[in-house]
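Per-entry structural report
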Amino acid sequence: MTDSITIRRPDDWHLHLRDGAMLQAVLPETARHFARAIIMPNLVPPVVRGDQAAAYRDRIMAALPADMTFEPLMTLYLTEDTDAADVAAAHASGLVKAVKLYPAGATTNSQSGVRDFDKVRSVLDKMAEIGLPLCVHGEVTDPEIDIFDREAVFIDRVLDPIRKATPGLRVVMEHITTSNGVEYVKAHEADLGATITAHHLIINRNHILVGGIKPHYYCLPVAKREDHRLALVAAATSGDKRYFLGTDSAPHTDDNKEMACGCAGCFTATNTMSLVAEMFDRESAMDKLEGFVSLNGPSFYGLPVNEETITLTKGEPVEYPTKIETGDGPVTVFEPGFPLHWRVV
Ligand SMILES: NC(=O)N[C@@H](CC(=O)O)C(=O)O
Ligand SMILES: [Zn+2]
Ligand SMILES: [Zn+2]
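Sequence order sets the numbering: in each chain, residues are counted from 1 along the sequence as written. Labels follow written order: the first chain is A, the first ligand is 1, and so on. Residues qualify for local features only when their pLDDT is at least 70, as the model is predicted, and side-chain atom pairs are given and counted only at 80 or more; totals for whole chains, interfaces and linings, by contrast, use all residues.

As recorded by an unreviewed UniProt entry, the chain carries the name Dihydroorotase and is attributed to Ruegeria profundi. UniProt positions are given in the numbering used here, feature names are shortened, and annotations may be inferred rather than shown by experiment. Recorded under Function (unreviewed entry), the UniProt text for the chain is reproduced unchanged: "Catalyzes the reversible cyclization of carbamoyl aspartate to dihydroorotate."

The parallel open sheet is built from eight strands, whose spatial order is β2-β3-β4-β5-β6-β7-β8-β9. Every interior strand has two partners, whereas the edge strands, β2 (12–15) and β9 (243–245), have only one. Between one strand axis and the next, the sheet turns by 30° as a mean value, whatever way the strands run. Any two strands are treated as partners once DSSP identifies two or more bridges connecting them. In this text, helices come from DSSP runs of H or I with a minimum length of four residues, and strands from runs of E with a minimum of two, each type numbered from the N-terminal end. Angles run from 0 to 180 degrees between N-to-C directions of axes, and those axes are lines fitted to C-alpha atoms, restricted for helices to the stretch in contact.

Within the open sheet, the three strands sit side by side as β1-β10-β13. Their pairing is antiparallel. The open sheet is flanked by β1 (4–8) and β13 (342–344), the only strands paired with a single partner. Neighbouring strand axes in the sheet, compared pairwise and without regard to direction, differ in orientation by 25° on average. Alignment of β1 against strand β10 (residues 309–314), held across five bridges, turns out to be antiparallel. Along β10, the bridge assignment pairs Ser4 with Thr313. Our contact criterion uses C-beta atoms placed from the backbone: two residues qualify when those atoms are within 7 Å. The strands touched by helix α11 (residues 272–282) within the sheet are β10 and β13, with β13 carrying the most contacts at an inclination of about 140°.

Here we take up the site of ligand 1. Think of it this way: take the backbone, place a C-beta atom on it, and check whether that atom is within 6 Å of the molecule or strand, in which case the residue is near it. Around ligand 1, a shell composed of His16, Asn42, Thr107, Thr108, Asn109, His137, Cys219, Leu220, Asp248, Ala250, Ala264 and Gly265 is seen. Across the shell around ligand 1, the residue classes tally to four nonpolar, seven polar and one charged. For this classification, the nonpolar set comprises Ala, Val, Leu, Ile, Met, Phe, Trp, Tyr, Cys and Pro, the charged set comprises Asp, Glu, Lys and Arg, and every other residue, Gly included, is treated as polar.

In this structure, Ile39, Leu76, Leu134, Ile196 and Val276 are the most contacted members of the largest nonpolar core, which totals 97 residues. Those residues in contact with Val276 that sit more than four places away from it in its chain are Ala198, Leu245 and Val293. Note on terminology: a nonpolar core is any set of buried Ala, Val, Leu, Ile, Met, Phe, Trp, Tyr and Cys residues joined through C-beta atoms within 7 Å. Working definition of burial: number of other C-beta atoms within 10 Å of the residue's own, with buried at 20 or more, exposed at 12 or fewer, and partly exposed in between, all C-beta atoms being placed from the backbone.

Below, the discussion takes up helix α5 (residues 150–165). In this scheme, a helix's expected span is set at 1.5 Å multiplied by one less than its residue total. In this model α5 runs 21 Å from its N-terminal to its C-terminal C-alpha over 16 residues, within 8% of the 22 Å that 1.5 Å per residue would give. In the structure, α5 departs most strongly from a straight axis at Asp156, where the bend amounts to approximately 35°. Within α5, the full set of buried residues consists of Arg150, Glu151, Ala152, Phe154, Ile155, Leu159 and Arg163. The angle separating two fitted axes, one through the seven residues that finish at a residue and one through the seven that start at it, defines the bend at that residue.

Turning to α11, a few remarks are in order. Summarising burial for α11: ten of the eleven residues are buried, a large majority. Within α11, burial applies to Thr272, Met273, Ser274, Leu275, Val276, Ala277, Glu278, Met279, Phe280 and Asp281. On its buried face, α11 is in contact with α7 (198–202), α9 (226–236), β9, α12 (289–301), β10 and β13. The positive-phi residue at the C-terminal boundary of α11 is Ser284, with phi of around 55°.

Set out below in structure tokens:
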């Protein structure tokens, strides 16, 4: 049995860093292990234009501790008013690596998202032309649709039509939670990838609801039934290059999670590598870990892999804080409910 593994330094292809005091507190948790991350633009107000993305990147770099290296890969939040020329310029300058589609009302800070997909047609056409990926929060918001079906219905009603209407558009299905998401990627060879979070490899909907409600397991898309979790584990550990790690680490203060109407989001930045390694080890798939966390993402985004390496070793259960302190209040670290044995040395 292997108890030590050295891999190229990983990247996180879906991360929420927020701003201000929260940014200051959570950034080191990611930069400790990850070289780069795709930075989600759902601030209030959202990061819509290139100049806003440049200013946000500068705030992230200013918050980075002097002894750490980290490269934020910036994204723009697609709205019905997004200007295709501004998007193209932000991409040409090297600043912006993706555009993010939030169906309006689907998740945290998505009020400015898209309602009428015809209104973003010209931006999507431009993105297909210049090879700029679209990252998609794939859930319909129709109140008639059951929350556990929203991803599957999104694929049929929205995603597949968009892809057919915009040939060549490169799409990342973000934080997939269903076998439907896994199968859709598998069935469409070109221009399609998917991120998978650490927490969706670990929890199913029972973990949220059985024996009392667990607000720190509530995120969107919500965890589904066990057969979907198993499909995600199989996809992540398969070695298929189209699946890669996007943690969706999404900090909310405990005050905002543990309330009558708690926010959606799991905070995993602190222990992601231990969580993912534990799950890969259980599947006897440690040889696939580097692909999932360090190689497949750069391959999809057309970026070089990281030159540095990290080493993980297996031993006594890893200790990590139950909460991190932030200027806005404590944020609870994702607790899988079982010991983690792999640590980054
Ligand atoms: N995943 C979540 O539950 N929350 C994210 C938004 C998102 O990625 O959908 C957040 O910004 O808090
Ligand atoms: Zn999302
Ligand atoms: Zn997210």
